[in-house]
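A structural walkthrough
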Amino acid sequence: MSFDKLISRIVETQNPTVAGLDPKLEYIPSYIVQKNFEEYGCNLRGASRAILEYNEALIDALCDIVPAVKPQCAYYEAFGYHGMKALYKTIEYAKSKGMYVITDGKRNDIGSTMEAYAIAHLGTTQVGDDRIEAFGGDALTVNGYLGTDGIAPLIDICKERDKGVFVLCKTSNKSSGELQDRLIDGKPVYRIMGEMCEKWGESAMGELGYSAVGAVVGATYPEQLAELRAAMPHTFFLVPGYGAQGGGAKDVIGAFDAKGLGAIVNSSRGILCAWQKEGCDEHDFAQAARREALRMKQDITQHLTGGIHL
């Protein structure tokens, strides 16, 4: 299954992290923005072309040391159809460089509408006699709070196309407990969602012990993270909240299994804005991102005393 491919990349790079590609124009060096505004106009097209150039340079700098990228759809949707083209091109470029792509869309609906989301981001669209990939991500973040009706349409595509999904479980934001910590029959909602992820994944198991149904579990709640790891042995975790949101390396260790697998930790602003934090020349932005990615890798893996191995 799809997460077998991700796990293999993690072992190959010895790095359980993912770079979030959540670009804002203020993150992008001025020379890239200005060049694209001069060529394409100071408009949504010019901005989207600047985003794509920025993303491609980051991917070039990271592809040999970071196993995956995670573009967040909202940052591209903000630039209209030009932004969505930049998203498509970013996914295409990252995959051409051997990176695993998690499309962060947090999609959810039921029936044919959810099937359409699945087709758009993980499947192929029927056009006449041809089936064509619309976006081509390897995995998609989804919201499971519509229940099985919202997840079942994804499972067949995951099995057929070797794809994966990450279901929101215990998220990293401060107000997540307003709903996710509520008790139902004495059990918190996040635990019930975790149990559902395990059940949804039973028919889509990979060779390396994890199903095609993963879960989003935040680094900002380390006790719940460790609790869910023990309760969800076949569910691969996407772990946001490291760095800018306050989660540290020790906070994420509970996400991993005994082999140093089972989770991938996201950093977005920390990597995207590394050149600004360093105060280095803006032309060195991609190498600053690489330095931060290597620092993050060391920060986390130093606590994985058993290493990362199959």
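Description of the structure in this document. Quick caveat, the model's predicted, so the values are computed rather than measured.

1. Let's talk about helix α9 (residues 189-200)
Taking 1.5 Å of rise per residue, the twelve residues of α9 would be expected to cover 16 Å, and the 16 Å separating its terminal C-alpha atoms lies within 8% of that figure. The set of residues buried in α9 consists of Val189, Tyr190, Met193, Gly194, Cys197, Glu198 and Trp200.

2. Some thoughts on the pairing of strand β5 (residues 130-133)
Where strand β4 (residues 124-127) meets β5, four bridges bridge the pair, whose relative direction is antiparallel. From the neighbouring strand, Val127 faces β5, where its bridge partner is Asp130. Counting the residues that bridge the hairpin from β4 to β5 gives two residues, and of these Gly128 lies at a positive phi of roughly 65 degrees.

3. With respect to the nonpolar core
Nonpolar side chains in soluble globular proteins generally cluster together in the buried interior. Val167, Phe236, Phe237, Val239 and Ile264 are the most contacted members of the largest nonpolar core, which has 56 residues in total. Discounting chain neighbours no more than four positions away, the residues touching Phe237 are Phe166, Ala215, Val217, Leu225, Leu228, Arg229, Met232, Ala255, Gly262, Ala263 and Ile264. Formed by 41 residues, the second largest nonpolar core is a distinct cluster that contains Ile32, Ala50, Val69 and Ile271.

4. Points about the packing of α9 against helix α10 (residues 222-231)
Between α9 and α10, the shortest axis-to-axis distance is 10 Å and the interhelical angle comes to 30 degrees. Helix-helix and strand crossings are classified by hand; for α9 and α10 the assignment is right-handed. The residues of α10 that touch α9, namely those facing Tyr190, Arg191 and Glu198, are Gln224, Glu227, Leu228 and Ala231. Of the residues contributing to the contact of α9 with α10, the split by class is three nonpolar, one polar and three charged.

Thresholds, definitions, all that
Residues numbered from 1 in each chain as written. Predicted model: local features only at pLDDT ≥ 70, side-chain atom pairs only at ≥ 80, totals over all residues. Heavy atoms only, no water. Helix = DSSP H or I, 4+ residues; strand = E, 2+ residues; numbered from the N terminus. Expected span 1.5 Å × (residues − 1). Buried < 20%, exposed > 50% of the residue type's maximum accessible area, 1.4 Å probe, protein only. Pairing = 2+ DSSP bridges. Core = buried A, V, L, I, M, F, W, Y, C linked by side-chain atoms within 4.5 Å. Contact = heavy atoms within 4.5 Å. Axes fitted to C-alpha atoms, helices over the stretch in contact; angles between N-to-C directions. Left-handed = near helix turned anticlockwise from the far one by under 90°. Nonpolar A, V, L, I, M, F, W, Y, C, P; charged D, E, K, R; others polar.

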